[in-house]
Protein chains: 4
Amino acid sequence: MNALKPLHKPIKVAMIGGGVNSAVGRVHEIAMKMDNEFELVAGCFSRNAEFNAESGRQYNVPKNRLYPSAEKLIEAVAHEVDAIVIATPIQSHAQYIHLALDHNLRVISDKPLLATVNECNALLKRVPADNAQVFSIFNYTGYPAVREMKRRVESGSIGTVFKVMVEMPQDSYMRLKNQNKTHAIQAWRLEDGDISCVSLDLFVHLHSLVNFVCGNTPQAVNAWSRAITNVAPGLIDEVDAVIRYSDNLIVNAWYGKAVLGYRNGLRIRVFGTKGSLQWHQENPELIDAADDAGNRMILDRIATESTITALPRYNRFKAGHPSGFIEAFANYYADIAQAMRDEKLNAYTLSMGVAAEGLALSQAI
Amino acid sequence: MNALKPLHKPIKVAMIGGGVNSAVGRVHEIAMKMDNEFELVAGCFSRNAEFNAESGRQYNVPKNRLYPSAEKLIEAVAHEVDAIVIATPIQSHAQYIHLALDHNLRVISDKPLLATVNECNALLKRVPADNAQVFSIFNYTGYPAVREMKRRVESGSIGTVFKVMVEMPQDSYMRLKNQNKTHAIQAWRLEDGDISCVSLDLFVHLHSLVNFVCGNTPQAVNAWSRAITNVAPGLIDEVDAVIRYSDNLIVNAWYGKAVLGYRNGLRIRVFGTKGSLQWHQENPELIDAADDAGNRMILDRIATESTITALPRYNRFKAGHPSGFIEAFANYYADIAQAMRDEKLNAYTLSMGVAAEGLALSQAI
Amino acid sequence: MNALKPLHKPIKVAMIGGGVNSAVGRVHEIAMKMDNEFELVAGCFSRNAEFNAESGRQYNVPKNRLYPSAEKLIEAVAHEVDAIVIATPIQSHAQYIHLALDHNLRVISDKPLLATVNECNALLKRVPADNAQVFSIFNYTGYPAVREMKRRVESGSIGTVFKVMVEMPQDSYMRLKNQNKTHAIQAWRLEDGDISCVSLDLFVHLHSLVNFVCGNTPQAVNAWSRAITNVAPGLIDEVDAVIRYSDNLIVNAWYGKAVLGYRNGLRIRVFGTKGSLQWHQENPELIDAADDAGNRMILDRIATESTITALPRYNRFKAGHPSGFIEAFANYYADIAQAMRDEKLNAYTLSMGVAAEGLALSQAI
Amino acid sequence: MNALKPLHKPIKVAMIGGGVNSAVGRVHEIAMKMDNEFELVAGCFSRNAEFNAESGRQYNVPKNRLYPSAEKLIEAVAHEVDAIVIATPIQSHAQYIHLALDHNLRVISDKPLLATVNECNALLKRVPADNAQVFSIFNYTGYPAVREMKRRVESGSIGTVFKVMVEMPQDSYMRLKNQNKTHAIQAWRLEDGDISCVSLDLFVHLHSLVNFVCGNTPQAVNAWSRAITNVAPGLIDEVDAVIRYSDNLIVNAWYGKAVLGYRNGLRIRVFGTKGSLQWHQENPELIDAADDAGNRMILDRIATESTITALPRYNRFKAGHPSGFIEAFANYYADIAQAMRDEKLNAYTLSMGVAAEGLALSQAI
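Because the structure is a prediction, the values reported are computed rather than measured.

**Student:** Looking at this structure, I do not really get the interface of chain B and chain A. What am I missing?
**Tutor:** Listed as interface residues are 43 residues of chain B and, on the opposing side, 43 residues of chain A. Between chain B and chain A the total buried area reaches about 3400 Å² when both faces are included, carbon and sulfur atoms providing 52% of it. Its largest share of buried area at the contact with chain A, chain B owes to B:Trp224, B:Arg226 and B:Leu260, together 18% of the area lost on that side. Along the contact surface separating chain B from chain A lie six salt bridges. Our count for the contact surface shared by chain B and chain A stands at 25 residue pairs in polar contact (both at pLDDT 80 or more). Taken together, the residues of the side of chain B that touches chain A sort by class into 16 nonpolar, 13 polar and 14 charged.

**Student:** Can you walk me through the relation of the copies chain B and chain A in this structure?
**Tutor:** Relating one copy of the chain to the other requires a rotation about an axis plus a shift along that axis. It takes a turn of 180 degrees to lay chain B on chain A, together with a shift of 0.0 Å along the axis; the resulting RMSD is 0.0 Å. In the structure described here, the two chain copies are related by an operation that fits a two-fold rotation axis.

**Student:** Honestly, the interface of chain D and chain A in this entry has me stumped. Any pointers?
**Tutor:** When the parts of a complex come together, some accessible area is lost, and that lost area is often taken as the interface size. Between chain D and chain A, the residue contacts involve 38 residues of the former and 38 residues of the latter. Contact between chain D and chain A buries roughly 3100 Å² in total, counting both sides, with carbon and sulfur atoms accounting for 53%. For chain D, the biggest contributors to the area lost against chain A are D:Arg263, D:Phe317 and D:Pro322; these three give 19% of the whole. Inspection of the chain D/chain A interface yields four salt bridges. A salt bridge links A:Arg26 to D:Asp35; its shortest N-O distance comes to 2.5 Å. There are 23 residue pairs in polar contact (both at pLDDT 80 or more) connecting chain D and chain A. Of all the secondary structure elements, the ones that give two or more residues to the side of chain D that touches chain A are α1 (25-34), α2 (49-59) and α9 (325-342) of chain D.

**Student:** How should empty space enclosed by the protein be read in this particular structure?
**Tutor:** A probe as big as a water molecule, rolled over the atoms, marks out the empty space that is left. Of the voids in this model, the second largest cavity is the one considered here, and its volume is about 100 Å³. Contributing to the lining of the second largest cavity are A:Asn283, A:Glu285, A:Leu286, A:Asp300, A:Arg301, A:Ala319, A:Gly320, A:His321, A:Pro322 and D:Glu282. Class assignment of the residues belonging to the lining of the second largest cavity gives a composition of three nonpolar, three polar and four charged.

**Student:** Even after reading the chapter, I still don't get the relation of the copies chain D and chain A, so can you show me in this structure?
**Tutor:** Rotating chain D by 180 degrees about the axis while translating it 0.0 Å along that axis superimposes it on chain A, leaving an RMSD of 0.0 Å. When you check the interface residues of chain D against chain A, 100% turn up at the interface there too, and the contact is symmetric in its surfaces.

**Student:** I would appreciate a short explanation of the sheet that holds strand β3 (residues 83-87) of chain D in the present structure.
**Tutor:** Strands pair in a sheet through their backbones, by hydrogen bonds, and they do so in one of two ways: parallel or antiparallel. Residue and element names in this part refer to chain D. Sheet architecture is open: five strands sit in the order β2-β1-β3-β4-β5, paired in parallel fashion. Two strands close off the open sheet at either side, each with one partner strand: β2 (38-44) and β5 (134-136). Adjacent strand axes in the sheet meet at a mean angle of 25 degrees when their direction is disregarded. Sheet topology places strand β4 (residues 106-109) next to β5; three bridges connect them, and they run parallel. What sits directly across from Ser 109, in β5, is Ser 136. Each of β1 (11-17), β3, β4 and β5 touches helix α4 (residues 93-102); the most contacted strand, β3, lies at about 175 degrees to it.

Scoring rules and cut-offs
Residues numbered from 1 in each chain as written. Chains lettered and ligands numbered in written order. Predicted model: local features only at pLDDT ≥ 70, side-chain atom pairs only at ≥ 80, totals over all residues. Heavy atoms only, no water. Contact = heavy atoms within 4.5 Å. Buried area = accessible area lost by both parts, 1.4 Å probe. Salt bridge = Lys/Arg side-chain N within 4 Å of Asp/Glu carboxyl O. Polar contact = N/O pair within 3.5 Å; in protein donor to acceptor, adjacent residues only side chain to side chain. Nonpolar A, V, L, I, M, F, W, Y, C, P; charged D, E, K, R; others polar. Least-squares fit on C-alpha atoms with pLDDT ≥ 70 in both. Helix = DSSP H or I, 4+ residues; strand = E, 2+ residues; numbered from the N terminus. 1 Å grid on protein atoms, 1.4 Å probe; cavity = no way out; pocket = protein on both sides within 12 Å on 5 of 7 lines; lining within 4 Å. Points joined across faces, edges and corners; volume = space filled by probe spheres on them. Pairing = 2+ DSSP bridges. Axes fitted to C-alpha atoms, helices over the stretch in contact; angles between N-to-C directions.

Everything listed here is a matter of coordinates, which is why it stays silent on function.
Here it is in structure tokens:
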């Protein structure tokens, strides 16, 4: 790996994918500028010229900085930008990461970083697991309350963690099927590869949250994967996994896209010998905590003993005014900016090793 | 089995166990009289004379109807009572059931009916699985909202059920341990037999709820049982089980007594292809429902399409005035009274077959 | 007032009204026997012979203990019962109370005790305000959590109370009107007297809760009463009142029967200089508390510092198994039993002075 | 009023106040750029040179575009910017608005627009009430769920609205006092003028929400204002107001800063003859709705009949990923951009008439 060029301030980026027709483009665009750490200067937001142009208009990127392909984009901007943001379908991440590395650029990828364990091994031959050049955005770990949970677990305030219940039920495939709208599902999500799409979409989040909050290492997995909606024949959309981790931790994980009643019911419940911490993504500012006698507390951003959530960076406006998903995303972007400047990972930027572990576990499910 | 004697009205019962020093005695005593279906006329509430006497005083049972042992009680009352209520530690149920049957009496037992599969097989040699003589109180199925869920599932209103998430986390052992109060745990709960105590205490409820609401049959179980608190060395107190049922149903069950944050977090979530139903025992009047587009409704007792919860028998006082656990218990008692009078089981009195299935599954965990 | 006769154990009562066709009869019948403090031995449950007979059947009162009128009942039972329970329409309470007093009997009345201030003054000429002969059941104060709130306020744990928000929104009149079912409203509720029916039904509860929990004295009231549903022309069914109490307490009270979204949304929120306590009747086991830094706690029955709710009398079954409205009612009945035996009021039996204050305030609204 | 200059795209703005040391500066800075409608090009973020410089650094505004006073800023930028954003203490708004108008600039002011009725009358002499030049950000009306409520009310789906319960309890003054941290309260909030600070801070929000959602006109107000914390002697911090509106609507409003248990418990409950809608700012994506039979629904962003919340502009990321306060703020900024381009107000930009009404009502309280 050559030395990377010094960073601009704000960090200049070009984006591949993430057009206005994509699910996640707007989120990247807003999150990267929120704290003025990044500046989007060019893009190939879509290979469809019309979408690309419209994205440029909405993202305030001049026409002459729009490119018809990722290759042309990188060729054109390699000398001036600091990093490439990849927000394309998962299956294409590997290709664009390598292309960016070829040009000695930093990379920020929508999660999951890669689609298979093989891709991951190939990349790890090129960059070390703890590199500060290739980042994936584990966005849910950007929520301040999740970081407060991490601090509390690490400090021992809930004792030894022996159990994590984690779930990410979603209704999208069942709902769309019931409404005859399955055409709205992106084509690349309708074919499972080495790893099922639903695991790439959802399980890598669950894995990273457990890794982030608790730090234990997975050791053995039992899983039940099923195709319930059959929006594509045999497409996995409902999974249970019971995973044995180091230090006698059991993680009971459930996720899928066939479950009516939840848009995105991501929830993590961490149980220790002296207390517990529960968090629900759809109401993300609050932690339900219990102490060693089972007394329950609702921790908000400025609860007396919550030192992380009270930090100025998480209080863009004062407590009582909810912050949400995009701010969590922006928090993670800011951590990446910090890691890029420091040229090493920090407590909040998960390493490629974590991404690799998540993919390996996903493949085992 | 001889013909049983005609029933009094109210049905006359004598109770074994269930003294004022027990956990569950007061509940039986109140529930059986609530709807004037049963009358408690005698008892051996405790083999401790003082507790027995005090129980008689509090339950309004005359001194001369208190007996020092179950044997003496049954001998004395067999000619006059209709049924024996058993509210003793689980391990003694079999003995007293047989004793009652020897006297040609009906039996109502606190759940679980029996402690082992062997006991169950022995009893099934004596009475058929669908007998209306020996009853166990599956109290949580007595909640009106649970019965409404059953009706809705049976009517097909949520389509085909493919997943049940069920959990019963409790904090008692961890809380007591943290407070140096483990002496408060009954001795008979501190030694696991063929079936762990925690499964006898909790899993049989989860099993019966799934059976009651969905009706599917278990086919294969994977389970992880652990001793976390070690209030007694090696005592199981934390269990995950993933159970494959008939008709492609997966039940993810979690229960235990080591989990701070829940006194008794019994929760069942039933997911079908056209909707879902969720119920939480600690707020038992409400059902969280979702329709086939994922729209959410909160169903209370008199929600327009809730025909079961709106029945007069569940509206001892009008909606908006919460009913609780004891009323659920009383509902089950009333169903038993009905079954006794009809001399056959009804939709709400679970058969000994269900009890046997629950024990077999518990033993497999 | 003559000396009252010694009490039986259990206390023997006869009931006027409260038949199976009434709203509240079943509640009285269950609550009085729940803790074996009272025994219902006779009644005129309805002047309709059929309802009276059916009530006797359901309440397990023999046919020969059923009477066609309150007068005949009292005449027949005065020598043997200890108390009369009155569960008739409000407008008839005065008449039956006086009748019972004429026979030197104790009285337990459904709330409100009386329908007008005049009736109240007349009764106070006959018995002192702090008498232990005539009781009204302020049932919501029987909830253990409400009693825990009282203890905490009295102990100063939330500092000086300066504000109470109290509300009792109900949907019944609007819902019935929208369903063309207004005929289901009892006739006696459809005509306002000196005090509007909605205040007799609801406000007296709000008043008694504030009196019970905080103890302050009302000083001035501003109120807005409106007829919204017009289920009867001009019938008041929606009221706001802002009431100035002693010690700089303001009570903002809202109640009515025209509000869709609530079956019985009784809620009280008490704000002090060092904390707050909030309680919602539809989830009655929990108190939402805040400390002097605004940290929030959810207090359940056995929260470490909750000494009242943890008492054995409120734990008929262990925490985690919700108790409800009827148990609250039974708690109040037990307190009345205690007061009758002690021949003086206790901390939980509100005096006729409180009833009088509530009626006076209602009349001022 | 002269014709305004044509707008740049994005609209160029300079900001007065709103430095990194202020409460609300970051929110404006993020909200205005979120949808690329505005570009912040210059500022006098603070008269303190150090804060001004640090704000420039964080907001990515070059040093040479920072000015030491509002006057110097406007003088310097009047020829190039489209609008001035005012985020200073309320008492200075009038001065800066007039200054901007003197330079024929558009104005976006933090709410409330002005501090007194007199200031408002003076400004209305200069611009008409429905002008599209001077805007105030009624940020809570920017929440999509509030807009969905407005649509539903206007469509008649809940019938005739007869009651609004609205509240905005906050704990800040009491909490800070209890922690001896009252120094953290801005000095300009510690002295009441014609209108109490707490009304300027909170009531104008409540007023605008009622105006926005229901549209009725206030007719008579009764209010109780009190000084509870006395963080400054006699400073009003706890208010009840019962307000009679047109069309038989009563609004019961409660707000203050002395109430432990709420960071910012803004809640609005709208009751009509065919249903109700409830919204709680601390969980802003959901509406609790009830239909004409009192059935309850939880409406999220993509509930089947929610047409407003489902619009692409409110779905920067898909449902199930909560959006929060800053996005609501950004929504309002986008509406202002639209109104500026259209040169007339739209359904979501409240007129100066509304601001004037809110101030008049505040002064009457």
